[in-house]
Amino acid sequence: MNILHVMAVAGSAALISVAAQAQSLVWDMPNEYPATSLQGETDTFFSTRLAELSDGDIAITHHFGGALGFRSRDQLDAVGDGAVPIANTFIPPLGGLDPLFLLMSLPFLTSNPVEAKRLFDIAAPYYDELLANYNQRLLYSSPWASSGLWSREEIDSIEALRGLKMRSYDANSTKVFLNNGASPVQLSWADIVPQLSAGGIDGVLTSIESGLSASFNEYTPYFNALNYDSTINMVTINLDVWNGMTDEQRALVQQAADETEAHAWSSIDAEVAKAYAQGQESGMTIIETPDPAYRAALAEGAQPVIDAWLEAAGDVGTQILKEYQGTTEQAEAD
């Protein structure tokens, strides 16, 4: 075998090796929430299905609990800039970038996952356009259970709420609870337990499921299911990564994403029921049906927030809420 033949064989082997590497993808995927949370479990479902569909050629390395140092508000840029190819992001903290990110956390607009999914489906095309401006695209949405108030003592009225030092999670919730006499401070997920343990806050606005996943019941054994909102996380992928895949790879990723979204939305009610049972078994006091007068008073304080959002969101916001109102009326008629 002459030297040219040896070089040709070596070159062919190298090309085969490069081609094999090109077919296999491994993505780092940050998520601010723990693996045991609803969002963590949903991500695991996605990566498992993706590995199955691709025969292991597309794999995800999860980084739960903010392990990579990214909070949700950092992840939009992290994905867009290519620091990570994909991320699961809680979107309300992004409201300072565009009011559309605050849509799903508008107070008392949706009270359950069915209403939230209907609102999201209307807004999805607008999210696609918005995310393209940040060099990424939406793969799937993943809902949270409706938000309520965790507290050290029972908070069941506007009077009891006044002066409460509590965690809010976006501009909407901060304004709503300020309007109703509380003392909210916007905190990312990773900052909540340190603030609870140090006495910096005495209440947390979040869902029953997410609070239990972080053992909030050790600090705040009361939960009032206010059904304040039904917000979401979004899993987005860098557009350069997406465009760099083969058509077959893109189809597999999208199939896994579609199956994950369907799984996440269909399982939310069962997860909430399980969380209520776990909370009660641990000795929590859970108010599943809040006093209508208390909730109505909160909603009254929330209306200026909705009005301000509509002004900021302009025609897009008006169109989305108009369509949502139409579908709500149709659902009630059916």
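On a predicted model such as this, the values are computed, not experimentally measured, just so you know.

Rules used throughout
Residues numbered from 1 in each chain as written. Predicted model: local features only at pLDDT ≥ 70, side-chain atom pairs only at ≥ 80, totals over all residues. Heavy atoms only, no water. 1 Å grid on protein atoms, 1.4 Å probe; cavity = no way out; pocket = protein on both sides within 12 Å on 5 of 7 lines; lining within 4 Å. Points joined across faces, edges and corners; volume = space filled by probe spheres on them. Helix = DSSP H or I, 4+ residues; strand = E, 2+ residues; numbered from the N terminus. Nonpolar A, V, L, I, M, F, W, Y, C, P; charged D, E, K, R; others polar. Core = buried A, V, L, I, M, F, W, Y, C linked by side-chain atoms within 4.5 Å. Buried < 20%, exposed > 50% of the residue type's maximum accessible area, 1.4 Å probe, protein only. Contact = heavy atoms within 4.5 Å. Pairing = 2+ DSSP bridges. Right-handed = clockwise from strand over helix to strand, strands pointing away. pLDDT = per-residue confidence, 0-100. Phe/Tyr/Trp six-rings, centres within 6.5 Å; stacked < 30°, edge-to-face > 60°.

1. Thoughts on the layout of surface pockets
And then number 1: Quantified by volume, the second largest pocket comes out at close to 180 Å³.
And then number 2: Contributing to the lining of the second largest pocket are Ser111, Asn112, Pro113, Ala145, Ser146, Ile208, Ala225, Asn227, Asp269, Val272, Tyr276 and Glu288.
And then number 3: Among the elements that line the lining of the second largest pocket, the one with the most residues is helix H10 (residues 247–281), at three residues.
And then number 4: In terms of residue class, the lining of the second largest pocket is built from six nonpolar, four polar and two charged.

2. As for the nonpolar core
And then number 1: Counting residues in hydrophobic clusters, the biggest one holds 41 residues, and the most contacted among them are Leu161, Phe177 and Ile208.
And then number 2: Among the elements of the structure, strand E5 (148–151), helix H5 (158–161), helix H6 (171–179), helix H7 (192–198), strand E8 (203–206), helix H8 (208–213), H10 and helix H11 (292–333) are those that each provide at least two residues to this core.
And then number 3: Contact partners of Phe177, with chain neighbours within four places excluded, come to Leu161, Met166, Ala182, Pro184, Leu205, Leu226, Tyr228 and Leu298.
And then number 4: If you look at the next biggest cluster of nonpolar residues, it comprises 27 residues, including Phe101, Leu102, Met104 and Trp265.

3. Looking at the pairing of strand E7 (residues 183–186)
And then number 1: Here strand E6 (residues 165–168) pairs with E7 via four bridges, running parallel. The residue of E7 that forms the bridge with Met166 is Pro184.
And then number 2: Of the crossover connections in this fold, the one passing from E6 over H6 to the parallel E7 is right-handed.

4. Remarks on the confidence of the model for the protein chain
And then number 1: Here the protein chain averages 91 in pLDDT, while 93% of its residues score no lower than 70.
And then number 2: Contacts of residues 1–22 to residues separated by more than four positions or lying in other chains number two contacts, the stretch itself having pLDDT below 50.

5. Some remarks on the packing of aromatic side chains
And then number 1: Under the definition given, this model contains eleven aromatic pairs.
And then number 2: Between the aromatic rings of Phe120 and Tyr127, the centroid separation amounts to 6.1 Å while the plane-to-plane angle is 20°, which identifies the pairing as stacked. Here Phe120 and Tyr127 have matching classes, each one buried.
And then number 3: Note on Trp189 and Phe216: the rings are 5.2 Å apart at their centroids and 35° apart in plane angle, and the pair reads as tilted. Linking Trp189 in the loop between E7 and H7 with Phe216 in the loop between H8 and strand E9 (222–224), this pair joins segments that are 27 residues apart in sequence. Taken individually, Trp189 and Phe216 each receive the classification buried, so the pair is uniform in this respect.
And then number 4: An aromatic cluster is defined as three or more aromatic residues linked by ring pairs; in this entry it consists of Tyr33, Phe90, Trp144, Trp150, Tyr169, Trp189, Phe216 and Phe223.

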